[in-house]
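So you can see what is in the structure, the chains are spelled out below.
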Amino acid sequence: MSDADLKAQFEKIADSARTAADKVEAAGQRTRDELEADVETAHEKADAAADRMKDKADAARDDASSDWQEIREKWHAHVAKVRARAHKKKDKIDAHNASVDADMTESYAYDAVDFALDAIEEAEYAVLDAIYARANAEALKV
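What you see is a predicted model; the values in this text were computed from it and never measured.

Draft legend 1. Representation of the overall build of the chain in the model. A count of helices and strands for the chain gives 4 helices and 0 strands. Walking the chain from its N terminus toward its C terminus, one meets helices and strands in the order α-α-α-α. For the chain, contacts bridging at least 24 residues in sequence account for 68% of all contacts bridging at least 6. As presented, the chain carries roughly 11,400 Å² of accessible surface, and 56% of it is formed by carbon and sulfur atoms.

Draft legend 2. Expanded view of the packing of helix α1 (residues 3-27) against helix α4 (residues 95-141). In contact at an axis separation of 10 Å, α1 and α4 are set at 170° when each is read in the N-to-C sense. One element, α1, and the other, α4, form an angle in the roughly antiparallel class. Contact residues: α1 offers D3, L6, K7, F10 and I13, while α4 offers I120, A123, E124, V127, A130, I131 and R134. By residue class, the composition of the contact of α1 with α4 is 8 nonpolar, no polar and 4 charged.

Draft legend 3. Highlighting the pattern of salt bridges. Counting across every chain of the model gives 3 salt bridges. Across the salt bridge formed by R18 and D22, the nearest N and O atoms sit 3.2 Å from each other. You can see R18 and its partner D22 sitting in helix α1, 4 residues apart, about one turn around the helix. Accessibility expressed as a relative area gives 43% for D22, which makes it partly exposed. With a shortest N-O distance of 3.3 Å, K141 and E138 are connected by a salt bridge. In this pair, K141 and E138 are both assigned in helix α4, 3 residues apart and thus about one turn of the helix distant.

Draft legend 4. View of a negative patch on the surface. A surface patch of negative charge is lined by D33, E34, E36, E40 and E44. Residue class for E34 comes out partly exposed when judged on its relative accessible area of 33%.

Draft legend 5. Here's a closer look at α4. Under the 1.5 Å per step criterion, the end-to-end length of α4 is 68 Å for 47 residues, consistent within 8% with the ideal 69 Å. Taken residue by residue, α4 has D101, V127 and I131 as its buried positions. Considering only its buried residues, α4 is in contact with α1.

Draft legend 6. Region of the structure containing a nonpolar patch on the surface. On the surface, a nonpolar cluster with roughly 260 Å² of combined accessible area is contributed by W68, I71 and F115. Within the secondary structure, W68 is located in helix α3 (residues 63-90). Given the relative accessible area of 34%, W68 is considered partly exposed.

Draft legend 7. Structural context of the confidence of the model for the chain. Scored by pLDDT, the chain comes out at a mean of 82, with 85% of its residues at no less than 70. Per-element confidence in the chain is highest for α1, whose mean pLDDT is 91, and lowest for α3, whose mean pLDDT is 72.

Cut-off values and rules
- Residues numbered from 1 in each chain as written.
- Predicted model: local features only at pLDDT ≥ 70, side-chain atom pairs only at ≥ 80, totals over all residues.
- Heavy atoms only, no water.
- Helix = DSSP H or I, 4+ residues; strand = E, 2+ residues; numbered from the N terminus.
- Contact = heavy atoms within 4.5 Å.
- Areas by Shrake-Rupley, 256 points an atom, 1.4 Å probe, with all protein chains shown as cover.
- Axes fitted to C-alpha atoms, helices over the stretch in contact; angles between N-to-C directions.
- Parallel < 35°, antiparallel > 145°, perpendicular 65-115°, else oblique.
- Nonpolar A, V, L, I, M, F, W, Y, C, P; charged D, E, K, R; others polar.
- Salt bridge = Lys/Arg side-chain N within 4 Å of Asp/Glu carboxyl O.
- Buried < 20%, exposed > 50% of the residue type's maximum accessible area, 1.4 Å probe, protein only.
- Patch = residues over 30% accessible without salt bridge, like charges linked within 9 Å, V, L, I, M, F, W, Y side chains within 5 Å.
- Lys, Arg positive; Asp, Glu negative; His and termini not counted.
- Charge placed at Lys NZ, Arg CZ, Asp CG, Glu CD.
- Expected span 1.5 Å × (residues − 1).
- pLDDT = per-residue confidence, 0-100.

Structure (structure tokens):
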């Protein structure tokens, strides 16, 4: 992969973040039923992304990729656990429980955003390190 390929991959983070931010901003103007549909769509997209990560992790060949595979598997298991708990409770919600559920899902959302921010920092480091490693390899050829 070239420097340009790595930079293009990294730019996808900003593009995805902007799209997601726009959707979150628009959510404040949507009805409960529309939001429910949005959540279902986001859930399907998140599941597809998790499947893609699993497929990539399954194809991992080196130790660094294996570490990422373990992180991805733990994240996927965590997400599945949280979603299963939320879906189980969804049928038994009253006003008080709805408030508690909202508090829990908001807390989970903050945790997911923090995880994403940390992942971006790691991705930045990994891309810069890869570009440096390639430049170093080229310089040593001389």
